[in-house]
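Fold and contact review
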Amino acid sequence: MTYYFFLVIPAYLIGMIPFSVFVARKAGFDLYKTGSNNPGASNVIRVAGLKWGMLAMALDILKGFVPTLLSSIYVDNYISDQSARVITFLVAIASICGHVFPLLRKGGKGVATGGGAAVALFPIPGIVAILIWAIMMKISKMPVVASMVAIGALTIIVGFNYKYLWEFILVFGLYVLIAIRHIPNIIRIFKKTENQVK
């Protein structure tokens, strides 16, 4: 089983790829100097518009979804169910950490990459969470509101459907991580200075 832990390294490296930064640059913007200064898909929507933002979000979702799904397919053929699930979760966490805590630059907040990983781990709850994000984004026009409601919904759904208790604990940990990464945005909401996405 130890051998399979090496799957987390490429997952982390894939998570590090700053797709949102590349997309924004293609649209003529520097994410580190505009909008919320966050190198994530929500900031691409904020500064470059919905078309570019959706492209960035799709790419960020894929870098969480693809490594997690591929690792799940691979390890399921060789090791026991719970051990395979552990490896798959570690790959998902690695891809999210690559996005949130990359080497030598500022990271994003992990929402889209976490959403992609969630779809691979929990297909129906993950898709529901992404739909909730889209609905809340349409209503509130604030990425922080959409993100917190969506990951909160995912945590609750998984809480009623987990196979192993540690799965729920890790998903709750993801909720806490994303909440912490959004603290500045939450403060701005209370101060009524958080910008809406047009």
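To start, this report covers the structure provided alongside it. (Residues numbered from 1 in each chain as written. Predicted model: local features only at pLDDT ≥ 70, side-chain atom pairs only at ≥ 80, totals over all residues. Heavy atoms only, no water.)

1. Some words on the environment of Ile127
By secondary structure assignment, the location of Ile127 is in helix α7 (residues 123–140). Measuring from C-alpha to C-alpha, the distance between Ile127 and Gly116 comes to 8.9 Å, with eleven residues separating the pair along the chain. (Helix = DSSP H or I, 4+ residues; strand = E, 2+ residues; numbered from the N terminus.)

2. A few points about helix α4 (residues 50–75)
Relative to the 38 Å expected for 26 residues at 1.5 Å per residue, α4 spans 37 Å between its end C-alpha atoms, a close match to the ideal helical length. The largest bend in α4 comes to about 25°, at Leu62. Among the residues of α4, those classed as buried are Gly53, Ala56, Met57, Asp60, Lys63, Gly64, Pro67, Thr68, Ser71, Ser72 and Val75. In this structure, the buried residues of α4 make contact with α1 (8–16), α2 (19–26), α3 (41–48), α5 (81–100), α6 (111–121) and α7. (Expected span 1.5 Å × (residues − 1). Bend = angle between axes of the 7 residues up to and from the residue. Buried < 20%, exposed > 50% of the residue type's maximum accessible area, 1.4 Å probe, protein only. Contact = heavy atoms within 4.5 Å.)

3. Focus on the packing of aromatic side chains
How two aromatic rings sit relative to each other is given by the distance of their centres and the angle of their planes. Applying the stated criterion to the full structure yields six aromatic pairs. Where Phe172 meets Tyr175, the ring centres are 6.3 Å apart and the plane angle is 25°; that geometry is what we call stacked. Of the two residues, Phe172 and Tyr175 both sit in helix α9 (residues 165–181), three residues apart, roughly one turn of that helix. Tyr175 sits in the partly exposed class, given a relative accessible area of 27%. A cation sits over an aromatic face here: Arg85 above Phe122, 5.0 Å from the ring centre. (Phe/Tyr/Trp six-rings, centres within 6.5 Å; stacked < 30°, edge-to-face > 60°. Lys NZ or Arg CZ within 6 Å of the ring centre and 35° of its normal.)

4. Here's the deal with α1
Taken residue by residue, α1 has Ala11, Tyr12, Gly15 and Met16 as its buried positions. Buried positions in α1, seen along its axis, are confined to an arc of 140° and lie on one side of it. Those residues of α1 hidden inside the fold are in contact with α4 and α5. (Arc of directions from axis to C-beta.)

5. Quick word on the side chain of Thr113
Tracing the backbone shows Thr113 in helix α6. Those residues within four positions of Thr113 in sequence are excluded, and the remaining contacts are Asp60, Lys63, Gly64, Ser95, Ile96 and His99.

6. What about the pattern of salt bridges?
Summed over the entire model, instances satisfying the criterion amount to two salt bridges. Its salt-bridge partner being Asp60, residue Lys63 comes within 3.6 Å of it at the nearest N-O pair. Taken together, the residues Lys63 and Asp60, both in helix α4 and three residues apart, mark about one turn of the helix. The exposure class assigned to Lys63 is buried, which follows from its relative accessible area of 2%. (Salt bridge = Lys/Arg side-chain N within 4 Å of Asp/Glu carboxyl O.)

7. Description of the packing of α4 against α5
Geometrically, a packed helix pair is captured by the angle between its two axes and the distance between the axes. Where α4 contacts α5, the axes come no closer than 9 Å and their chain directions differ by 160°. For the element pair α4 / α5, the angle class is roughly antiparallel. At the point where α4 passes α5, the crossing takes the right-handed sense. Between α4 and α5, the residues in contact are Asp60, Lys63, Gly64, Pro67, Thr68, Ser71, Ser72 and Val75 and Ala84, Ile87, Thr88, Val91, Ala92, Ser95 and His99, respectively. When its residues are assigned to classes, the contact of α4 with α5 shows six nonpolar, seven polar and two charged. (Axes fitted to C-alpha atoms, helices over the stretch in contact; angles between N-to-C directions. Parallel < 35°, antiparallel > 145°, perpendicular 65-115°, else oblique. Left-handed = near helix turned anticlockwise from the far one by under 90°. Nonpolar A, V, L, I, M, F, W, Y, C, P; charged D, E, K, R; others polar.)

8. Side note on the nonpolar core
Generally speaking, soluble globular proteins have nonpolar side chains that are buried together. One finds Phe122, Leu154 and Val171 to be the most contacted residues of the largest nonpolar core, which totals 19 residues. Only α5, α6, α8 (143–161) and α9 provide two or more residues apiece to this core. Considering each element in turn, this core owes the most residues, five residues, to α8. When near neighbours in sequence (up to four residues on either side) are disregarded, Val171 contacts Phe89, Phe122, Leu154, Thr155 and Val158. By size, the runner-up hydrophobic cluster in this structure holds 18 residues, among which are Val21, Val23, Ala41 and Met136. (Core = buried A, V, L, I, M, F, W, Y, C linked by side-chain atoms within 4.5 Å.)

9. Notes on a nonpolar patch on the surface
A contiguous nonpolar patch, built from Phe172, Val176, Ile180, Ile183 and Ile187 and spanning about 420 Å² of accessible area, is present on the exposed surface. Contributions of two or more residues to the nonpolar patch are made by α9 and α10 (183–190). No other element matches α9, which puts three residues into the nonpolar patch. Position of Val176 among the secondary structure elements: in helix α9. Here Val176 falls in the partly exposed class, since its relative accessible area comes to 33%. (Patch = residues over 30% accessible without salt bridge, like charges linked within 9 Å, V, L, I, M, F, W, Y side chains within 5 Å. Areas by Shrake-Rupley, 256 points an atom, 1.4 Å probe, with all protein chains shown as cover.)

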